[in-house]
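This is what each chain is made of:
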Amino acid sequence: MIFLTLGSHQPFDRLVEALDHWATDRDVGNRIFGQITPHATYKPKAFEHRDLLDPSEYRERCKDATFIVSHAGMGTIITALTYRTPAVMMARRAHLGEMRNDHQVATAERFASRQELRFIMEAPELGPICDDLLANADRPDGDGIAPFAEDQLIGTVRDFIFR
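Residues numbered from 1 in each chain as written. Predicted model: local features only at pLDDT ≥ 70, side-chain atom pairs only at ≥ 80, totals over all residues. Heavy atoms only, no water.

J.: Would you mind going over the side chain of Ser-70 in detail, with residue names and values included?
T.: Among the secondary structure elements, Ser-70 is positioned in strand β4 (residues 67-71). According to the relative accessible area criterion, Ser-70 is buried, its value standing at 0%. For Ser-70, the side chain forms a polar contact with the main-chain oxygen of Thr-5, separated by 3.0 Å. Aside from chain neighbours lying at most four places away, what touches Ser-70 is Thr-5, Leu-15, Thr-76, Val-88, Met-89 and Met-90. (Helix = DSSP H or I, 4+ residues; strand = E, 2+ residues; numbered from the N terminus. Buried < 20%, exposed > 50% of the residue type's maximum accessible area, 1.4 Å probe, protein only. Polar contact = N/O pair within 3.5 Å; in protein donor to acceptor, adjacent residues only side chain to side chain. Contact = heavy atoms within 4.5 Å.)

In structure tokens, the structure reads:
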């Protein structure tokens, strides 16, 4: 299963439409599920979708996905790294009215060295990366990242606060 997730607030029609066209061209819509936000204008034709998911279903879909397609949001980045689920992420762009500023571009630049995360800026880049991820559906090596801070960090912060 390929899981498209866009967060819960802002639509990202440019990404949804690009994935919908790729799914139609490859006839893989039955392998995609999307969470597209209630404010989306573009509704995919090739794959099943819902506006919102409850948190437990969201986590399960991220965990079980062959790969994730998403905006370059920190929540999805952390979730993908936690579950070691490969992801292709498109940064929302301010000049296109998708975001107030280009902080997702900065996020993409910061995490670009992570082999399990692939970042794109333009819709035509999506298809070739999805093709590659579908053909090479192996999970990255390692245990992923912990969903919470390490005990040593928590202890240090606790000591600082209570001393």
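Text resumes after the structure shown.
J.: Tell me about the pairing of strand β1 (residues 2-5), and name the residues and values.
T.: Residues Ile-2 and Leu-4 of β1 are buried on one face, and the alternating residues Phe-3 and Thr-5, pointing to the opposite face, are buried as well. Pairing analysis gives 4 bridges linking β1 to strand β2 (residues 32-35), with the strands arranged parallel. Across the sheet, residue Thr-5 finds its bridge partner in β2, namely Gln-35. In this fold, β1 hands off to helix α1 (residues 13-26), which returns the chain to β2; that crossover is right-handed. Pairing between β1 and β4: 4 bridges, direction parallel. Considered in β4, the bridge of Ile-2 is made with Phe-67. (Pairing = 2+ DSSP bridges. Right-handed = clockwise from strand over helix to strand, strands pointing away.)

J.: With reference to specific residues and values, describe a nonpolar patch on the surface.
T.: A contiguous nonpolar patch, built from Val-157, Phe-160, Ile-161 and Phe-162 and spanning about 500 Å² of accessible area, is present on the exposed surface. Structurally, Phe-160 is set in helix α6 (residues 151-162). (Patch = residues over 30% accessible without salt bridge, like charges linked within 9 Å, V, L, I, M, F, W, Y side chains within 5 Å. Areas by Shrake-Rupley, 256 points an atom, 1.4 Å probe, with all protein chains shown as cover. Salt bridge = Lys/Arg side-chain N within 4 Å of Asp/Glu carboxyl O.)

J.: Tell me about the nonpolar core, and please be specific about residues and values.
T.: Leu-4, Leu-19, Val-69, Val-88 and Leu-126 are the most contacted members of the largest nonpolar core, which totals 25 residues. Sorting the residues of this core by element identifies β1, α1, β4, β5 (87-90) and α5 (126-135) as the ones contributing at least two each. At 6 residues, α1 tops the list of elements feeding residues into this core. Apart from the residues within four sequence positions on either side, Val-88 is in contact with Phe-67, Ile-68, Val-69, Ser-70, Arg-118, Ile-120, Leu-126, Ile-129, Cys-130 and Leu-133. Formed by 19 residues, the second largest nonpolar core is a distinct cluster that contains Leu-53, Ala-80, Met-89 and Phe-119. (Core = buried A, V, L, I, M, F, W, Y, C linked by side-chain atoms within 4.5 Å.)

J.: Please provide a residue-by-residue account of the pattern of salt bridges, values included.
T.: Taken as a whole, this structure holds 8 salt bridges when the rule is applied. A salt bridge links Arg-61 to Glu-57, with the shortest nitrogen-to-oxygen separation between them at 3.0 Å. With Arg-61 and Glu-57 both in helix α2 (residues 55-64) and 4 residues apart, the pair spans about one turn of that helix. Residues Asp-132 and Arg-118 are paired through a salt bridge, measuring 2.6 Å at the closest nitrogen-oxygen approach. Here Asp-132, found in helix α5, pairs with Arg-118, found in strand β6 (residues 117-120); they are 14 residues apart in sequence, far enough to count as distant. For Arg-118, a relative accessible area of 27% gives the class partly exposed.

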